[in-house]
Amino acid sequence: MRPWFFEAHVKTPLIALHGLDLLSSAVIVLDAQGCITYVNPAAENLLESASRTLMGQALEALFVNGAELEAVFRQACAHQFSDKRQDLTLQRNGREPLCVDSIITALDSAEMPVLIELRENVQQLKLDREERMIDQSQANKELIRNLAHEIKNPLGGIRGAAQLLELELPERQLRELREYTQVIIKEADRLQTLVDRLLAPHRRPHIVGDVNIHEVCERVRSLIVAEFPLGLRIKRDYDLSIPEFRGDKEQLIQAVLNIAHNAAHALSERILAGDAELTIKTRILRQVTLAKVRYRLALDLHIIDNGPGIPPEIQDRIFFPLVSGRDGGSGLGLTLAQTFVQQHLGVIECESRPGYTDFRMLLPLP
């Protein structure tokens, strides 16, 4: 069925199409040669080009796989259909591909025979992003496990050799050289602790029980308040209708705590100024797709801060192991949080800009 605005403009001159300027979907009108004769502002935004640049261009020339559009355009000109719906992935040189829902309509006009409506397929983009994150997470876990085991074995040997060396030192040299053997032992212990943290999610059994997410949030809140008693305001925005669900309470506490702890550290300057704010918000979502599985209900948990935001150069890598946005950070907190959430069949998303960072945790509910 044609959208409501098609009938109004099928037999009208180009100036009448300006009534489409207020539409949120991208509208493109083509002439008989397949060149653009009209685009609305939404189309300019979608194609990231001004109308004066787009006017007169062949539509197929805008995309690497433009031949697919050209074929549909010829079918419309030949009136093989009145309107046709299909999902398209439009490849662009040097830019991300556009995943769109399209409606191609044959108009009763020799000058403007084809009208195309495009809507960005947000759901498909979300699914693709989640799939990439899951694949990357699996690759990270394999890398971490293998690397940790490779590091762990020689570490024990290095520490043991340093201890034996210290025992063999002559008494007169022990006082001078013990400092160096202790450096080796302490650094070996520090690396051992790091390796243990890397392996922790894969060693610890998944203990399933009934989880009240607000008990988790309150536990995390109390820990953050104890560490940052002054200058940080923690707001609670809870939906108390959220039911209990089956999960590992300790893992979820650790996941939420890692995110909240990172946020509190990012707020250090605002804490000194006394206007730091951390918000923990819970909601219920309905009919949610997580990792290509449809769920009737899902928990929507947000941890929001008013800090400086995540540096743009690491925003795409914040869940990678050993990637940290602050000095002294281990770069493991978000990696472990993501692992724990994925073990509960959920996902973590992040939106960040200066003054606003929102980590969103989505978990299926019964």
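Residues numbered from 1 in each chain as written. Predicted model: local features only at pLDDT ≥ 70, side-chain atom pairs only at ≥ 80, totals over all residues. Heavy atoms only, no water.

Draft legend 1. Quick peek at the overall build of the protein. Per the secondary structure count, the protein includes 10 helices and 12 strands. For the protein, the proportion of its 366 residues judged to be buried stands at 44%. Sequence-distant contacts in the protein: of pairs separated by 6 or more residues, those separated by 24 or more amount to 61%. With an accessible surface of roughly 19800 Å², the protein has 53% of that area assigned to carbon and sulfur atoms. (Helix = DSSP H or I, 4+ residues; strand = E, 2+ residues; numbered from the N terminus. Buried < 20%, exposed > 50% of the residue type's maximum accessible area, 1.4 Å probe, protein only. Contact = heavy atoms within 4.5 Å. Areas by Shrake-Rupley, 256 points an atom, 1.4 Å probe, with all protein chains shown as cover.)

Draft legend 2. Expanded view of the packing of helix α7 (residues 213-227) against helix α8 (residues 249-266). Put simply, α7 and α8 touch, their axes get as near as 9 Å, and they point 40° apart. Relative to α8, the element α7 is oriented oblique. Handedness of the α7/α8 crossing: right-handed. Between α7 and α8, the contacting residues are E215, V216, R219, V220, L223, I224 and E227 on the first element and K249, E250, L252, I253, V256, L257, A260, H261, A264 and H265 on the second. Across the contact of α7 with α8, the residue classes break down as 10 nonpolar, 2 polar and 5 charged. (Axes fitted to C-alpha atoms, helices over the stretch in contact; angles between N-to-C directions. Parallel < 35°, antiparallel > 145°, perpendicular 65-115°, else oblique. Left-handed = near helix turned anticlockwise from the far one by under 90°. Nonpolar A, V, L, I, M, F, W, Y, C, P; charged D, E, K, R; others polar.)

Draft legend 3. Representation of the pairing of strand β5 (residues 114-120). A large share of β5 lies buried, amounting to 5 of its 7 residues. Looking at chain direction, strand β1 (residues 26-30) and β5 are connected through 5 bridges and run antiparallel. Note that in β5 the partner of I28 across the bridge is I116. Where strand β4 (residues 95-106) lies against β5, 7 bridges are found, and the strand directions are antiparallel. (Pairing = 2+ DSSP bridges.)

Draft legend 4. Here's a closer look at the pattern of salt bridges. Within this structure, the stated rule accounts for 14 salt bridges. A salt bridge links E48 to R92; the shortest N-O distance between them is 3.7 Å. Residue E48 is found in the loop between α2 (41-47) and α3 (51-54), and its partner R92 is found in strand β3 (residues 83-92); the two are separated by 44 residues along the sequence. The salt bridge partner of E218 is R236, with a shortest N-O separation of 2.9 Å. Taken as a pair, E218 in helix α7 and R236 in strand β7 (residues 232-237) lie far apart in primary sequence, 18 residues in all. Judged by its relative accessible area of 27%, E218 is partly exposed. One connected set of salt bridges, linked through shared partners, spans R233, K235 and E277. (Salt bridge = Lys/Arg side-chain N within 4 Å of Asp/Glu carboxyl O.)

Draft legend 5. Summary view of the sheet that holds strand β12 (residues 356-365). One open sheet holds the 5 strands; their spatial order is β7-β9-β10-β12-β11, and the pairing between them is mixed. Pairing within the sheet leaves two strands with one partner each, and these edge strands are β7 and β11 (347-353). For this sheet, the mean inter-axis angle between neighbouring strands, taken without regard to orientation, is 20°. Two elements, β11 and β12, share 7 bridges in a ladder whose sense is antiparallel. Looking at the pairing, C350 lines up with F359 of β12. Across the sheet, α7 lies against β7, β9 (276-290) and β10 (293-305), angled at about 175° from β7, the strand it touches most.

Draft legend 6. Focus on the sheet that holds β3. The strand order across the open sheet built from 5 strands is β2-β1-β5-β4-β3, with neighbouring strands paired in antiparallel fashion. Of all the strands in the sheet, the pair left with one neighbour each is β2 (36-39) and β3. Adjacent strand axes in the sheet meet at a mean angle of 25°, parallel and antiparallel pairs treated alike. Contacts from helix α4 (residues 66-77) reach β1, β3, β4 and β5, with the element oriented near 155° to β3.

Draft legend 7. Fine view of the environment of L69. When you line up the elements, L69 lands in helix α4. Along the sequence, L69 and L88 sit 19 residues apart, while their C-alpha atoms lie 9.0 Å from each other. Beyond its immediate stretch of four places on either side in the chain, L69 contacts L59, F63, L88 and L90.

Draft legend 8. Broad picture of the confidence of the model for the protein. In this model, the protein carries a mean pLDDT of 81, and residues with pLDDT of at least 70 account for 83%. Mean pLDDT across the elements of the protein bottoms out in helix α1 (residues 4-9) (42) and peaks in β7 (94). Under a pLDDT of 50 for its full length, residues 1-12 has, in the predicted model, 28 contacts with residues more than four places off or in other chains. (pLDDT = per-residue confidence, 0-100.)

Draft legend 9. Quick peek at helix α10 (residues 333-343). Extensive coverage of α10 is indicated by the burial of 10 of its 11 residues. Of the residues one or two after α10, L345 is the one with positive phi, at around 70°.

Draft legend 10. Summary view of the nonpolar core. Core analysis: the biggest nonpolar cluster contains 45 residues, and I224, L232 and M361 have the highest contact counts within it. For this core, the secondary-structure elements that each account for two or more residues are α7, β7, α8, β9, β10, α10 and β12. At 9 residues, α8 tops the list of elements feeding residues into this core. Not counting residues up to four positions away in its chain, the partners in contact with I224 are L232, I234, L257, A260, H261, A264 and L278. Counting 25 residues, the second-largest nonpolar core is a separate cluster that includes A76, F81, L90 and V100. (Core = buried A, V, L, I, M, F, W, Y, C linked by side-chain atoms within 4.5 Å.)

Draft legend 11. Just α4, in detail. In this model, α4 (12 residues) spans 17 Å end to end at C-alpha, consistent with the 16 Å of a helix rising 1.5 Å per residue. Buried positions along α4 lie against β1, β3, β4 and β5. Within two residues after α4, H79 carries a phi angle of roughly 55°, on the positive side. (Expected span 1.5 Å × (residues − 1).)

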